[in-house]
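Each chain, written out:
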There are 2 protein chains.
Amino acid sequence: MKTNALFKRSYNQALDMLAATQVEAALPSEPAMAATLGISRTTVRAVLAALAMRGIITIDGRAKQLLRLPKRNDYIADADLEPLADMVERKFMAWLVGPDCSPGHTINGLDLARQFGVSTSAIRDCLGKFSHFGLLERQSNGRWRTLGLTVDFVAELFDMRELIEFRAVDRFVALPKDDPLWGDLSLLADEHHALLDDFERRNREFSDLDHRFHKLVDSVVPNRFLGNIQGVMSVIFHYHYQWNKKDESARNHRALGEHLAYIEGLRSGDLSQARESCRLHLHTARSTMLASINPG
Amino acid sequence: MKTNALFKRSYNQALDMLAATQVEAALPSEPAMAATLGISRTTVRAVLAALAMRGIITIDGRAKQLLRLPKRNDYIADADLEPLADMVERKFMAWLVGPDCSPGHTINGLDLARQFGVSTSAIRDCLGKFSHFGLLERQSNGRWRTLGLTVDFVAELFDMRELIEFRAVDRFVALPKDDPLWGDLSLLADEHHALLDDFERRNREFSDLDHRFHKLVDSVVPNRFLGNIQGVMSVIFHYHYQWNKKDESARNHRALGEHLAYIEGLRSGDLSQARESCRLHLHTARSTMLASINPG
DNA sequence: AATTTGTTTTTTATATAAAAAGAGCAGTTA
DNA sequence: TAACTGCTCTTTTTATATAAAAAACAAATT
């Protein structure tokens, strides 16, 4: 049956909300809570019922009241709060780059299902997703073969990225000076400087900033296929950098500088300067990725 | 349970083989038949058992003999020989461009399953596939929304195609003169001329030739993400042109001519000529597609 | 009259079950 | 001794069943 991860997440969120409420205060209506939590009223009602059962609130028709502030052990342990598909994806990526899987390996879905503690359906969905990402191949007999996170794969991924981003740069430079994107770019530049100023403490925030910066640049050429490719890239980057913490700080510092040069290139209005600063940055990113995949 | 389309196809193929055999002749071994039909011995045995049951052959250990030649009604009707996934895909594409579906429409998986006469799992797989193709979108509440085969979609599809093929052209022109691809290109040019010479009768063969031509050009820049995009394109083209037979002959004739100019452009070694002939052809393809989607 | 709650109906996500197809082994035959 | 058959075990594919979540509806309250 379906997992109730949504319920558990919402329950904990509701506890957070109650923690900021006065005891004996009246609680908002069900539709209001549903809107706040971004879930359906059905789930809100399930959460409210559970809270009442635990003695945290009382419900009498539309009179809902907070009886006591939530305590630490009222929360549902976050062990199984992750959506199933995310968990499978995470474990699968770990398996894919781990020692149990070499490129060209034939995948045994049943075996993976047992290893991950999920049903074969979940594995099937996951395999389908990654095959669209080009990490797997479906053979004629219906079996799956890994292609692996190889040097070739990364090279092709970056080829595609460069193709797309170079075109975006061309369009970006040509934007009229009153386009709102220039303002967004300025804000991002400020964020870069702020991060540099407090780099020791905040360097881990770079990953998010990087994502937003490239997303902004690419947004001048909206294309849903590009979205797909960016999806692959963020999955790869996400897992990749999770396993390669070595030199993370130095890497981020260098990238920050390159971003600023890239932003200057865009602002200069000079196409060749913009292209060159973009090329430099993407080249560094490619080398970093290749070096950490192939550390030999 | 799993469909036995493979068994049925193999059974009919076996009948074809038997039709070319002498009555009372000894039949090949199971492994031999498995290799010939490209299936496992398990399925061969199921087919042989069915043939024996029908009195077409006798089996006694390894002594297998043809009793009588197969007749027309020995064949399994080809109604359900199509793999399930293909059938669902076909029906889904038809539904997607049909009157029951407008862009932005929320998809009811259960309803589609009933309409198509398949289980919801099959629909789910199909929706997953098309979402990677950018024709559908998954909403936060887990529902699917159609984006539809709109003008925007086609524009983005062709943007991507042009981006990829222009780059391929650059690389193609720079190939050394002894590269085997030049020979392949010559063969394709010959096929184009042969098709033009007998255009009245054979113009329907253009679709296949078109596919092979572009595949050859793009093969100079191997990239698995590109393969994904080409996958979308062939699905779209396949269904699109199936429903738009109008002006097909004239369209194919024009494209043949453009292909030949394109081939000349590549052979000339002159980059700007190659690019221009490519641009012209892709531009025509784009207009044709847009015109037939938006006939108003 | 506009919300809110209580209840019912739909729809989705996942596990389970079962058929189909593949893989492999041991004994047998040519 | 090399290939073949009969059998068993494994893996994949699909349908079905069921819990979770959403949506819709109706009665009640402010």
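These lines cover the structure that appears in this document, whether it is placed above or below. This is a predicted model, so every value here is computed, not measured.

1. Some remarks on the protein's contact with DNA strand C
Working step 1: Near DNA strand C there are 36 residues, and of these Arg41, Lys64 and Ser119 of chain A together with Ser40 and Asn108 of chain B occur at the shortest range.
Working step 2: Side-chain polar atom of Arg41 of chain B to a base oxygen of DNA strand C: 3.3 Å apart, as the coordinates give it.
Working step 3: The backbone of Gly109 of chain B places a nitrogen or oxygen atom 3.3 Å from a phosphate oxygen of DNA strand C.
Working step 4: Contributing elements (two or more residues each) for the surface near DNA strand C: helix H2 (30-37) and helix H3 (41-53) of chain A together with helix H1 (5-19), helix H3 (41-53) and helix H5 (109-116) of chain B.
Working step 5: Along the lines of polarity and charge, the residues of the surface near DNA strand C split into 10 nonpolar, 13 polar and 13 charged.

2. Structural notes on the interface of chain B and chain A
Working step 1: Counting from both sides, the interface comprises 24 residues of chain B and, opposite them, 24 residues of chain A.
Working step 2: For the pair chain B and chain A, the summed buried surface comes to about 2300 Å²; carbon and sulfur atoms form 56% of the total.
Working step 3: Ranking the residues of chain B by area buried against chain A places His132, Arg224 and Phe225 of chain B at the top, with a combined share of 33%.
Working step 4: One can count 2 salt bridges joining chain B with chain A.
Working step 5: A salt bridge links Asp125 of chain A to Arg124 of chain B, with the nearest nitrogen and oxygen atoms 2.6 Å apart.
Working step 6: In this structure, the connection of chain B to chain A is made through 4 residue pairs in polar contact (both at pLDDT 80 or more).
Working step 7: Elements with a minimum of two residues in the side of chain B that touches chain A: helix H6 (120-132), helix H7 (151-173) and helix H11 (224-243) of chain B.
Working step 8: A per-element tally of the side of chain B that touches chain A places H7 of chain B first, with 9 residues.

3. Quick look at the relation of the copies chain B and chain A
Working step 1: For the pair chain B and chain A, the best superposition has an RMSD of 0.6 Å and corresponds to a rotation of 180° with a translation of 0.1 Å parallel to the axis. Between the two chains, the operation in question is that of a two-fold axis.
Working step 2: A high fraction, 100%, of the interface residues of chain B reappear at the interface in chain A, so the copies pair face to face through one surface.

4. Concerning H1 of chain B
Working step 1: Here H1 of chain B spans 21 Å end to end across 15 residues, near enough to the 21 Å set by a 1.5 Å rise per residue.
Working step 2: Buried within H1 of chain B we find Ala5, Lys8, Ser10, Tyr11, Asn12, Ala14, Leu15 and Leu18 of chain B.

5. Notes on the side chain of Asp210 of chain B
Residues and elements named next belong to chain B.
Working step 1: Its place among the elements puts Asp210 in helix H10 (residues 206-218).
Working step 2: Among buried charged residues, Asp210 stands out as having no salt bridge; its nearest opposite-charge side chain is Arg161, 4.8 Å away.
Working step 3: Filtering out sequence-adjacent residues up to four positions away, Asp210 remains in contact with His259 and His281.

6. Regarding the packing of helix H12 (residues 248-268) of chain A against helix H13 (residues 271-293) of chain A
All names here are of chain A.
Working step 1: Where H12 meets H13, the closest approach of the two axes is 7 Å, and the angle between their N-to-C directions is 160°. In terms of orientation, H12 and H13 fall into the roughly antiparallel class. Between H12 and H13 the crossing geometry is left-handed. Residues Arg251, Arg254, Ala255, Glu258, His259, Ala261, Tyr262, Glu264, Gly265, Leu266 and Ser268 of H12 lie in contact with H13, whose contacting residues are Gln273, Ala274, Ser277, Cys278, Leu280, His281, Thr284 and Thr288.

7. Topic: the nonpolar core
Working step 1: Counting residues in hydrophobic clusters, the biggest one holds 80 residues, and the most contacted among them are Phe92 and Phe130 of chain A together with Phe92 and Phe130 of chain B.
Working step 2: Once residues lying within four places of it in the same chain are set aside, the contact partners of Phe130 of chain A are Glu89, Phe92, Met93, Leu135, Leu136 and Val235 of chain A.

8. A short note on the packing of helix H4 (residues 84-97) of chain B against H6 of chain B
All names here are of chain B.
Working step 1: Remark: H4 packs on H6, axes separated minimally by 10 Å, with the N-to-C direction vectors making an angle of 65°. The chirality of how H4 crosses H6 is right-handed. Contacts from Leu84, Val88, Glu89, Phe92 and Met93 of H4 reach H6 at Ala122, Ile123, Cys126, Leu127, Lys129 and Phe130.
Working step 2: Looking at the contact of H4 with H6, its residues break down into 9 nonpolar, no polar and 2 charged.

9. Comments concerning the environment of Met160 of chain A
Working step 1: Mapped onto the elements, Met160 of chain A comes out in helix H7 (residues 151-173).
Working step 2: When its relative accessible area of 1% is taken as the criterion, Met160 of chain A is described as buried.
Working step 3: In this structure the C-alpha to C-alpha distance between Met160 of chain A and Met87 of chain A, which are 73 residues apart in sequence, comes to 28 Å.
Working step 4: Apart from residues lying up to four places away in sequence, Met160 of chain A is in contact with Ile229 of chain A together with Met160, Ile164, Asn223, Phe225 and Ile229 of chain B.

10. Topic: the protein's contact with DNA strand D
Working step 1: By nearness alone, 36 residues border DNA strand D, and Ser40 and Asn108 of chain A together with Arg41, Lys64 and Ser119 of chain B come closest of all.
Working step 2: Between DNA strand D and Thr3 of chain A there is a distance of 3.3 Å, counted from a sugar or linking oxygen to a backbone nitrogen or oxygen.
Working step 3: With respect to DNA strand D, the side chain of Lys2 of chain B contributes an N or O atom lying 3.2 Å from a base oxygen.
Working step 4: Among the elements of the structure, helix H1 (5-19), H3 and helix H5 (109-116) of chain A together with helix H2 (30-37) and H3 of chain B are those that each provide at least two residues to the surface near DNA strand D.
Working step 5: Across the surface near DNA strand D, the residue classes break down as 9 nonpolar, 14 polar and 13 charged.

What counts and what doesn't
Residues numbered from 1 in each chain as written. Chains lettered and ligands numbered in written order. Predicted model: local features only at pLDDT ≥ 70, side-chain atom pairs only at ≥ 80, totals over all residues. Heavy atoms only, no water. Near = heavy atom within 4 Å. Polar contact = N/O pair within 3.5 Å; in protein donor to acceptor, adjacent residues only side chain to side chain. Helix = DSSP H or I, 4+ residues; strand = E, 2+ residues; numbered from the N terminus. Nonpolar A, V, L, I, M, F, W, Y, C, P; charged D, E, K, R; others polar. Contact = heavy atoms within 4.5 Å. Buried area = accessible area lost by both parts, 1.4 Å probe. Salt bridge = Lys/Arg side-chain N within 4 Å of Asp/Glu carboxyl O. Least-squares fit on C-alpha atoms with pLDDT ≥ 70 in both. Expected span 1.5 Å × (residues − 1). Buried < 20%, exposed > 50% of the residue type's maximum accessible area, 1.4 Å probe, protein only. Lys, Arg positive; Asp, Glu negative; His and termini not counted. Axes fitted to C-alpha atoms, helices over the stretch in contact; angles between N-to-C directions. Parallel < 35°, antiparallel > 145°, perpendicular 65-115°, else oblique. Left-handed = near helix turned anticlockwise from the far one by under 90°. Core = buried A, V, L, I, M, F, W, Y, C linked by side-chain atoms within 4.5 Å.

In short, shape yes, function no, at least from these values alone.
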